[in-house]
Amino acid sequence: MLNIGVTGSIGSGKTTVCQIFETLGIPVYYADNRGNYLLQNNDKVKSQVLSAFGESIRGPGQIIDRALLAEIVFNDSAKLDTLEKIIHPAVFEDFNTWAASKKSPYVIKEAALLFETGSYKELDKIITVAAPFEIRLERVLKRSQITEEQVRAREARQWPEEKKIEMADFVIQNTERQLLMPQVLELHKVFFAL
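In this text, all values refer to a predicted model and were calculated from it rather than measured experimentally.

### Remarks on unusual backbone geometry
Even without being a glycine, Gln-62 presents a positive backbone phi close to 65°. Checked against the element boundaries, Gln-62 lands in the loop between helix H3 (43-53) and helix H4 (66-73).

### Some thoughts on the layout of surface pockets
In this structure, the largest pocket spans a volume of roughly 1700 Å³. Surrounding the largest pocket, 48 residues form its lining, Asp-32, Asn-36, Phe-74, Ala-112 and Leu-113 being those nearest its centre. Counting only elements with at least two residues in the lining of the largest pocket, the list comes to helix H1 (14-23), helix H2 (31-41), H4, helix H5 (77-100), strand E3 (106-110), helix H6 (114-117), helix H7 (133-143) and helix H8 (148-157). Of the residues assigned to the lining of the largest pocket, the class counts are 21 nonpolar, 16 polar and 11 charged. Approximately 250 Å³ is the volume found for the second largest pocket. Around the second largest pocket, the lining residues are Ala-70, Glu-71, Phe-74, Asn-75, Ile-146, Glu-149, Gln-150, Ala-153, Arg-154 and Arg-157.

### Re helix H10 (residues 180-193)
For H10, with 14 residues, the first-to-last C-alpha span of 20 Å sits near the 20 Å given by 1.5 Å per residue. What H10 keeps buried is the set Leu-180, Gln-183, Val-184, Leu-187, His-188 and Phe-191. The buried residues of H10 occupy one face: seen down the axis, they fall within an arc of 140°. Of the exposed residues in H10, those oriented more than 90 degrees away from the buried face are Lys-189 and Ala-193. Here the buried face of H10 lies against strand E1 (2-8), H1, E3, strand E4 (125-130) and strand E5 (170-173).

### With respect to the pattern of salt bridges
Under the definition given, this model contains eight salt bridges. Among the salt bridges present, the one from Arg-58 reaches Glu-55, with a minimum N-O distance of 2.5 Å. A salt bridge links Lys-164 to Glu-116; the nearest nitrogen and oxygen atoms lie 3.5 Å apart. Here Glu-116 lies in helix H6 and Lys-164 lies in helix H9 (residues 161-167), a separation of 48 residues in the sequence.

### Details of the nonpolar core
The nonpolar side chains of soluble globular proteins are, as a tendency, buried together. Ranked by internal contacts, the top residues of the largest apolar core, which has 27 residues, are Val-49, Phe-53, Ile-57, Ile-64, Leu-69, Leu-83 and Phe-95. Secondary-structure elements contributing two or more residues to this core are H2, H3, H4, H5 and H6. Top element by residues in this core is H5. It accounts for nine residues. Discounting chain neighbours no more than four positions away, the residues touching Phe-95 are Asn-3, Tyr-29, Val-107, Ile-108, Lys-109 and Leu-123. In terms of nonpolar packing, the next biggest core, distinct from the first, is built from 19 residues, Phe-21, Ile-26, Ile-127 and Leu-180 among them.

Reading the values: rules and limits
- Residues numbered from 1 in each chain as written.
- Predicted model: local features only at pLDDT ≥ 70, side-chain atom pairs only at ≥ 80, totals over all residues.
- Heavy atoms only, no water.
- Helix = DSSP H or I, 4+ residues; strand = E, 2+ residues; numbered from the N terminus.
- 1 Å grid on protein atoms, 1.4 Å probe; cavity = no way out; pocket = protein on both sides within 12 Å on 5 of 7 lines; lining within 4 Å.
- Points joined across faces, edges and corners; volume = space filled by probe spheres on them.
- Nonpolar A, V, L, I, M, F, W, Y, C, P; charged D, E, K, R; others polar.
- Expected span 1.5 Å × (residues − 1).
- Buried < 20%, exposed > 50% of the residue type's maximum accessible area, 1.4 Å probe, protein only.
- Arc of directions from axis to C-beta.
- Contact = heavy atoms within 4.5 Å.
- Salt bridge = Lys/Arg side-chain N within 4 Å of Asp/Glu carboxyl O.
- Core = buried A, V, L, I, M, F, W, Y, C linked by side-chain atoms within 4.5 Å.

See the structure below:
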């Protein structure tokens, strides 16, 4: 079974591309969602995060207040690094367990930081979903409760799109001038052939 990575910058359309693969019957692992799940439900991860950031990040019901934690780490690169060193290995292990349970010619791991974390090295092929910054910015501002400044800050913490394209095995252009479905179907055929 092949392990395929899907990545791209904020607002590129990674999730939309992965949803198309899901309609084709391909299992998709959403790394950010699972990371959030593990933060709240994996005792080891939760304990390490509370140890690193203190009990003050607990919200109602004793769950970790993700908004408060985000506010702390996104304004301090050392603290962000600390959090990532807890979450990323847990997500890596969780993905491997998840993938081993699937019966499919290939599975997909969707993650914004595949290259940045080095987890791309454990995957067989990488797809980068690409779109110009102006289009991505417009998409994010429409769907999220974040400001343009916050989008630009997140963008600055990720590799430039050009570098992700250069590192990828395949690129899906999501510019609204090119249809996604034919691009995904073509890759689906390629992965089946492999």
